[in-house]
Structures are given as C-alpha cells and as structure tokens.
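Spelled out, the chains give:
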Amino acid sequence: MSMVTLGSTGICVNKNGFGALPVQRVTKEDAVYLLRKAYDGGIRFFDTARAYSDSEEKLGAAFEGMREKVFISTKTMAKDVEGFWKDLETSLSLLKTDYIDIYQFHNPSFCPKPGDGTGLYEAMLEAKAQGKIRHIGITNHRMSVAEEIIESGLYETLQFPFCYLATDREKALVQGCKEKNIGFIAMKALSGGLITNSAAAYAFEDQYDNVLPIWGVQREKELDEFLSYIACPPAMTDEIKTIIEKDQKELSGNFCRGCGYCMPCPAGIEINTCARMSLLLRRSPSANQLTERGQAMMKKIEGCLHCGACMKKCPYGLNTPKLLEENYEDYKNVLAGKTLV
Ligand code: SF4
Ligand code: SF4
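Residues numbered from 1 in each chain as written. Chains lettered and ligands numbered in written order. Predicted model: local features only at pLDDT ≥ 70, side-chain atom pairs only at ≥ 80, totals over all residues.

Caption draft 1: Structural context of the overall build of the protein. Of regular secondary structure, the protein possesses 14 helices and 10 strands. Computed over the C-alpha atoms, the radius of gyration of the protein is 20 Å, within 12% of the 20 Å expected from 2.2 N^0.38 for a compact globule of 341 residues. When the backbone C-alpha atoms are referred to their principal axes, the protein occupies close to 60 × 45 × 40 Å. Every one of the 341 residues in the protein was classed for burial, and the buried ones make up 43%. (Helix = DSSP H or I, 4+ residues; strand = E, 2+ residues; numbered from the N terminus. Rg over C-alpha atoms; globule rule 2.2 N^0.38 Å. Buried ≥ 20, exposed ≤ 12 C-beta atoms within 10 Å, placed from the backbone.)

So this is what it looks like as structure tokens:
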C-alpha cells in the first residue's frame, strides 16, 4: 500500500483520495452506497465543494456517526467574508460535522493573503482558531497563481491538476510543494476523461511521494478499480511506460484539458467539453457523445460570438474558438457516419 502525508497537515492516508464531484450525478442512495463502499475498501480522504450541488449532503449522509474515521476537505468560492462564513456554516451543516479537515479556497483568480483587503485569509485564520477548520488549503487551475501560492507559504495544501501529461512547469509545482512541506492534492489525474488507463495514471502519481490523487468516482466499476490499487498499487512497468509515452505523443500540444477556466461563455457553449470532443469521440465510446443532448451542446458552437474572452483566460494559450470550430466540424462528420480514425 502506498501512503502519502499531506505536508504540514500531518494527514496521512493511502494514495487514493475520493473526488466527490461526480456523486452529484447519482441518487443519494447510490452516492451513500459508493461512499461507504469506498470507506470499507480503505479510502479515507474525501474531497468535495460547496459548489458541487448536493455532494456535501451526500457525504454527510454517508459518514454520519463515523466522522472522525475519515478526512473531509471542502471548498468555498466566496469572494467576501460574509460569503465565506455562510459557505462554511452551510458546509458544516450539510456534512453533519463540526469541523472540516481541510478548508480550501476554490480556484480564486488570485492568492488570498492577509492584508489584501478582501479579509478572506483572515477569515480562514479565524475559522481555524474557532476549530471549525483544521487546515487551510487552496485549489487552482492557474499556473501563475499556483506558483504564488507556494511562494507565499500561507497554505498547507495546494490542489492542482496533475496527470502524466504534465509539463515540466507543472512538475515543478509538485517539487515546490515538497520543498515547502505543502501537501499536493492532484485533481484531474485522468485529465478529465482523456486518460483511460487508470493503472498507468496511478503508477505515474505513485512516483511522487508528496502527491495525493483524488479520483472522481461515479460508478462502482471505477471505484472497484481504485480500491484494488490500495492492496496492489500498479508499478511503473515497461508496458505502462509505453502507454504513457504513446498518450503523451498523442495528447501533446494544442489540446483542451477540460479545466473550464475559460468559462462561462456568453454564448452558453460548454467549452470544456466541446473543445475536446474529437478526443472524447476517439478515447471513449463515441455513442456517449452522439446523444441528442450532445448534439444540442455542440450546436451551440454555431452561436460563438468570437468575443475572444475564452482565449484570454485559457492558461494553455489555446485558440479556443478555432478549436471549437474544428471539433464541431469533426463531430458533424462523425454524426454523418465518418469512420473514426
Ligand atoms: S469566443 Fe466564442 S466560445 Fe469563446 S467566450 Fe466568446 S462566445 Fe464563448
Ligand atoms: S479551452 Fe483552455 S481554459 Fe478552456 S477548458 Fe480548454 S484548456 Fe481549459
């Protein structure tokens, strides 16, 4: 079993965190079943967010009466102090607990600091002093903000996308966290569904002893896969190295990572799915994307205003409107019966 300690928090768990965003999409009964099964199978770290609709409520229902046996992290997108306390009280109540193990600022566009005028960091300190939160964390998608977070030394954990398609700069974040004893929580270890070999994804994450991947789990089959890695962590074999190298070649350069940082789009386009449709069509059963809902979602690309707002926000420097057009063209061809190559 591979274990990981999340920096100065001292939280030590096996290298399988449960990302509770997808449980929004299943019934409460199914979510509670999955979460309890995850616990019974050895998972101890559960990550949710105020913004994940009823995810917190489902965690609360799953772990009522056994709160101290699990670690729970959640997040607030509050932009002011009033919103911060409102979110925290709501999360505590829905999670049926009186403390959050790691309370995180949810993808802010800047690094909250004491004295920055927002009062947000001071609110974190106050919440910690009151015992309502145990550790202060933050999540982000922006490289420059993540670098500032590490540099600031103000946070005990950083949650950032990290998978085997990571650039050297992203790998440097993991190293920076290690040097500063900041826990690194890896989101999107499957790159939002583009990585389909979870054993390869796990073997990659396992090379970094300060990284805790949180796997977004919606189906029991996916959960079973990750649970099996607790007893038998996949090793970085030559076979897995070949899979990773092939994906790195295929998925390098101008592809959309699905981070959603460019959104919302004024034309209502679901950019983080539409701009990588060609990949989704090829890397998972294409029928999943060709549904009526999928077609309506892609059709919205026709309404692109070419305002350029998405391009300015994309941390990967993508020409998003062009990427959307290319993906839409390909989608229409596949819909018309073109063979996938
Ligand atoms: S350029 Fe098009 S896709 Fe991008 S934000 Fe504007 S309307 Fe949306
Ligand atoms: S276009 Fe860029 S910002 Fe938008 S989802 Fe894709 S990678 Fe993220």
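Caption draft 2: Up close: the site of ligand 2. The immediate surroundings of ligand 2 are formed by 15 residues, with Cys256, Cys259, Cys262, Asn272 and Cys314 found nearest. Considering only residue class, the shell around ligand 2 consists of 10 nonpolar, 4 polar and 1 charged. (Near = placed C-beta within 6 Å. Nonpolar A, V, L, I, M, F, W, Y, C, P; charged D, E, K, R; others polar.)

Caption draft 3: Fine view of the sheet that holds strand E9 (residues 183–187). Within the closed barrel, the 8 strands sit side by side as E3-E4-E5-E6-E7-E8-E9-E10. Their pairing is parallel. In this sheet, adjacent strand axes meet at a mean angle of 25 degrees when their direction is disregarded. Pairing geometry for strand E3 (residues 17–19) and strand E4 (residues 45–47), over 3 bridges, is parallel. When the bridges of E4 are listed, glycine 17 appears paired with phenylalanine 45. Contacts between helix H3 (residues 81–94) and the sheet are confined to strand E5 (71–76) and strand E6 (100–106), with E5 contributing the most and set at about 145 degrees to the helix. Packed onto the sheet, helix H4 (residues 120–129) meets E6 and strand E7 (133–139) and runs at close to 150 degrees relative to E7. (Pairing = 2+ DSSP bridges. Axes fitted to C-alpha atoms, helices over the stretch in contact; angles between N-to-C directions. Contact = placed C-beta atoms within 7 Å.)

Caption draft 4: Looking closely at unusual backbone geometry. For the peptide bond that leads from methionine 263 to proline 264, omega is 5 degrees, which places it in the cis range. You can see proline 264 is positioned in the loop between helix H9 (238–250) and helix H10 (271–274). In this structure, asparagine 107 takes a positive phi of about 50 degrees despite not being glycine. Take asparagine 107: it is sitting in the loop between E6 and H4. Take asparagine 107: there are 20 C-beta atoms within 10 Å of it, and that puts it in the buried class. Although it is not a glycine, histidine 306 adopts a positive phi angle of roughly 50 degrees.

Caption draft 5: Broad picture of the site of ligand 1. Around ligand 1 there are 15 residues in total, and Cys265, Cys304, Leu305, Cys307 and Cys310 lie nearest to it. Where the shell around ligand 1 is concerned, the elements lending two or more residues are helix H13 (309–313) and helix H14 (320–335). Considering each element in turn, the shell around ligand 1 owes the most residues, 3 residues, to H14. For the shell around ligand 1, the residue count by class is 12 nonpolar, 3 polar and no charged.

Caption draft 6: Focus on H4. Looking only at H4, the buried set comprises Leu120, Tyr121, Ala123, Met124 and Ala127. Looking straight down H4, one finds its buried side chains confined to an arc of 155 degrees; they lie on one side. Where H4 terminates, the next one or two residues include glycine 131, which has phi positive at roughly 80 degrees. (Arc of directions from axis to C-beta.)

Caption draft 7: Inspection of the environment of glycine 41 at higher detail. With respect to the helices and strands, the residue glycine 41 is situated in the loop between helix H1 (28–40) and E4. Spatially, the C-alpha atoms of glycine 41 and serine 228 are 8.5 Å apart, while their sequence positions differ by 187 residues. Ignoring sequence-local partners within four residues, the contact set of glycine 41 consists of Leu227 and Ile230.

Caption draft 8: Structural detail: the pairing of strand E10 (residues 211–216). When you tally the buried positions in E10, you get 5 out of 6 residues, the bulk of the element. Note: E3 against E10, 3 bridges, orientation parallel. Following the sheet pairing, glycine 17 is matched in E10 by isoleucine 214. Bridge count between E9 and E10: 3 bridges; the pairing is parallel. Bridging from a neighbouring strand, phenylalanine 184 pairs with valine 211 of E10.

Caption draft 9: Quick look at the pairing of E9. With 5 of its 5 residues buried, E9 lies for the most part within the structure. Where burial is concerned, the two faces of E9 agree: the one with Gly183, Ile185 and Met187 and the one with Phe184 and Ala186 are both buried. Examined bridge by bridge, strand E8 (residues 157–161) and E9 share 5 bridges and lie parallel to one another. Residue pairing for E9: glutamine 159 is matched across the bridge by isoleucine 185. With helix H6 (residues 168–179) bridging E8 and the parallel E9, this β-α-β connection has right-handed handedness. In the classification by handedness, the crossover that spans E9, the intervening helix H7 (residues 198–205) and the parallel E10 is right-handed. (Right-handed = clockwise from strand over helix to strand, strands pointing away.)

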